[in-house]
Amino acid sequence: MQRFKTNKIQIKNTLIGGDSPILIQSMTNTDTSDPKATAEQIMQLADAGSEIVRITVNNEAAAKAVPEIRQILNEKGYKELPIVGDFHFNGHKLLKDYPEMAKDLDKYRINPGNCDYAKATDDNFTEFIKIAIEHDKAVRIGANWGSLDQKLLSKMMDENAKRIKPKSDKEVLVDAIVESAFSSALKAEKLGLNKIILSVKMSDLNDMVNAYEKLAARMLKEAKNYPLHIGLTEAGGGMQGLVASSAALAILLRQGIGDTIRISLTPAPNEARTKEVEACKTLLQSLGIRSFKPKVTSCPGCGRTDSSYFQELASDINEYVKDWQKKYPKAKGLNIAVMGCVVNGPGESKHADIAISLPGNSEEKMAPVYLDGKFYKTLTGENIKESFLEILENYIQE
Ligand code: SF4
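Residues numbered from 1 in each chain as written. Predicted model: local features only at pLDDT ≥ 70, side-chain atom pairs only at ≥ 80, totals over all residues.

## Topic: the domain arrangement of the protein chain
Under the convention used in this document: Where each domain starts and ends comes from a domain assignment, either automatic or drawn from a database.
Partitioning the protein chain into structural domains gives domain 1 (9–286) and domain 2 (295–397). The C-alpha centroid of domain 2 is placed 41 Å from the C-alpha centroid of domain 1.

Here is the structure:
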């Protein structure tokens with residue numbers, strides 16, 4: 001798939017856009033005014049694979065805590081991790097009043113829909129951008145349909161009503177979010193900002209895809225190459241959030257749209273925040289864009305197989321290789337197949353680097369193992385799993 005051409009922007013040692021890897025972002029849900037808790041969660045997200053972490057900077061207490069958060073991260077070995085400050089309504093004021101915070105953040109995010117909320121001018125936006133230029137920071141201009149610029153939306157709705165064939169309200173809404181992000185980027189560029197990233201997040205999958213497609217088309221038409229951060233906002237939690245976000249992002253990524261991604265999940269009570277990072281890694285790996293750990297191919301199982309043993313083995317192997325990104329970085333492209341019986345087992349095994357086919361219900365209790373597509377040996381007895389993990393470990397060592 002060909003990537004949409006965007007500028008390359010450097011934030012610390014991290015490159016966003018151009019031909020740099022599509023990066024994974026996440027956001028903390030701690031109270032930013034608690035520097036220890038926030039730094040702790042940032043480190044957890046980074047350890048899980050988040051390459052950029054965003055924190056909300058919503059009030060003076062949060063702004064005051066940012067230097068301490070940065071200090072903790074630096075002391076704990078996360079000096080190069082880019083931290084993004086997320087601003088709404090009062091960002092211009094906080095950045096002006098807390099210059100240490102403005103300096104310590106690596107990138108700012110501004111919502112063009114609410115920084116000049118209920119005002120006739122765009123003074124706050126202008127001030128915000130000028131401070132970013134002064135501190136040489138990149139800015140993501142992140143429009144969000146839930147807080148879309150109401151003046152702009154009303155104007156576009158009025159104009160639409162006068163058309164001979166008016167568009168639907170939904171279409172105007174999508175046009176408005178694109179206009180909000182794009183015109184704000186032009187304004188920021190005119191003020192002198194040259195590190196701009198855009199996003200147009202919506203919570204409906206089709207609307208969100210339409211918005212990003214329109215934004216990409218607009219950039220192409222006007223020869224602008226702002227890197228794009230893509231995500232489905234308010235995607236929900238659990239299965240719904242995972243499936244909707246993955247589907248939306250996959251459609252865009254397959255078209256070459258997107259330089260950084262976030263999967264916004266509502267965590268279940270006590271669920272780890274890092275799940276959204278794991279989801280991003282799995283998505284990028286499934287699309288063949290980046291590789292983070294060995295791929296475990298396993299069949300769904302059916303009435304032919306011993307369900308519990310097969311499920312346990314597939315799950316144990318997934319668990320076993322989960323952290324191989326750090327342990328065996330070179331093994332990230334490895335393909336391991338765990339098949340439930342001999343129907344598709346040998347065929348799938350021939351395409352894998354290392355594979356095992358378990359015996360089906362009515363088959364003889366033996367499990368053939370394949371290495372590099374060739375039959376290696378047959379495992380029998382009670383310790384099939386242990387023997388297979390030993391073969392896997394030796395294969396990696398060799
Ligand atoms: S490989 Fe065998 S156990 Fe797995 S789904 Fe196919 S027939 Fe069923």
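What follows picks up the thread again.
## A look at the site of the ligand
Cut-off, in case you're wondering: By convention here, the C-beta atom is placed from the backbone, and a residue is near a molecule or strand when that atom is within 6 Å of it. All residues other than Ala, Val, Leu, Ile, Met, Phe, Trp, Tyr, Cys, Pro, Asp, Glu, Lys and Arg, Gly among them, are scored as polar; the first ten of these are nonpolar and the last four charged.
The environment of the ligand is made up of Cys-299, Pro-300, Gly-301, Cys-302, Arg-304, Thr-305, Met-339, Gly-340, Cys-341, Val-343, Asn-344 and Gly-345. Across the shell around the ligand, the residue classes break down as six nonpolar, five polar and one charged.

## A short note on the sheet that holds strand β6 (residues 107–110)
Short version of the rule: Strand pairing follows a simple DSSP-based rule, namely that at least 2 bridges must link the two strands. A run of DSSP states H or I qualifies as a helix once it reaches four residues; a run of E qualifies as a strand once it reaches two. Both are numbered from the N-terminal end. The contact criterion used here is simple: two residues whose C-beta atoms, placed from the backbone, lie within 7 Å are in contact. Fitted lines through C-alpha atoms serve as axes, helices being fitted only where they are in contact, and the angles separating the N-to-C directions of these axes extend from 0 to 180 degrees.
The eight strands are arranged β8-β7-β6-β5-β4-β3-β10-β9 in an open sheet whose pairing can be described as parallel. The strands lining the two open edges of the sheet, one partner per strand, are β8 (196–201) and β9 (229–230). Alignment of strand β3 (residues 23–27) against strand β4 (residues 52–56), held across three bridges, turns out to be parallel. If you follow Met-27 over to β4, its bridge partner there is Arg-54. The strands touched by helix α10 (residues 275–286) within the sheet are β3 and β10 (260–261), with β3 carrying the most contacts at an inclination of about 160°.

## Notes on the packing of helix α8 (residues 205–221) against helix α9 (residues 238–254)
Here is the rule we go by: Should an angle fall under 35 degrees it is called roughly parallel, over 145 degrees roughly antiparallel, and 65 to 115 degrees roughly perpendicular, with every other angle called oblique. Two helices cross in a left-handed way if the nearer one is turned anticlockwise from the farther one by less than a right angle. They cross in a right-handed way if the turn is clockwise.
One way to put it is that α8 packs onto α9 with a least axis distance of 10 Å and a crossing angle of 25°. Relative to α9, α8 is oriented roughly parallel. α8 and α9 meet at a crossing whose hand is right-handed. Together, Leu-205, Met-208, Val-209 and Tyr-212 of α8 and Ala-244, Ala-247, Ala-248, Ile-251 and Leu-252 of α9 make up the contact between the two elements.

## Points about unusual backbone geometry
Positive phi outside glycine occurs at Glu-234, with the angle close to 45°. Non-glycine residue Asp-372 carries a positive phi angle of around 50°. By the element assignment, Asp-372 lies in the loop between β14 (366–371) and β15 (374–380).

## Digging into the pairing of β8
Cut-off, in case you're wondering: Around each residue's C-beta, the other C-beta atoms within 10 Å are counted; 20 or more make the residue buried, 12 or fewer make it exposed, and counts in between make it partly exposed. All C-beta atoms are placed from the backbone.
Summarising burial for β8: six of the six residues are buried, a large majority. The two faces of β8 match: Ile-196, Leu-198 and Val-200 on one face and Ile-197, Ser-199 and Lys-201 on the other face are all buried.

## So, the environment of Arg-163
Inspection of the secondary structure assignment puts Arg-163 in the loop between α6 (150–161) and α7 (169–191). Residue class for Arg-163 comes out exposed when judged on the 9 C-beta atoms lying within 10 Å of it. Note: C-alpha distance between Arg-163 and Lys-295 (132 residues apart in sequence) is 53 Å.

## Concerning the sheet that holds strand β13 (residues 354–357)
Spatially, five strands are ordered β11-β12-β13-β14-β15 in an open sheet, and the strand pairing comes out mixed. The sheet terminates laterally at β11 (295–298) and β15, the two strands that pair on one side only. On average, each strand axis in the sheet is inclined to that of its neighbour by 15°, with strand direction left out of account. One ladder, built from four bridges, connects β11 with strand β12 (residues 335–339); its direction is parallel. Opposite Val-296, over in β12, you have Ile-336 as the bridge partner. Strands in contact with helix α14 (residues 384–397) are β13, β14 and β15; relative to β14, the strand with the most contacts, it is inclined by about 5°.

## A look at the environment of Gln-150
Considering the arrangement of structural elements, one finds Gln-150 in helix α6. With 13 C-beta atoms counted inside 10 Å, the residue Gln-150 sits in the partly exposed group. On a C-alpha basis, the gap between Gln-150 and Gly-340 in space is 56 Å, while along the polypeptide they are 190 residues apart.

## Remarks on the nonpolar core
Inclusion rule: Here a nonpolar core is just a set of buried residues of the types Ala, Val, Leu, Ile, Met, Phe, Trp, Tyr and Cys, joined wherever their C-beta atoms sit within 7 Å.
Counting residues in each nonpolar core, the largest one holds 85 residues, and the members touching the most others are Val-139, Ile-177, Ala-181, Leu-198, Tyr-212 and Leu-215. Per element, the largest residue contribution to this core is ten residues, and it comes from α7. Setting aside anything within four residues of it in sequence, one finds Val-139 in contact with Tyr-108, Ile-110, Ile-129, Ala-132, Ala-188, Leu-193, Lys-195 and Ile-196. Counting residues in hydrophobic clusters, the runner-up holds 24 residues, among them Ala-314, Ile-354, Ala-367 and Tyr-370.

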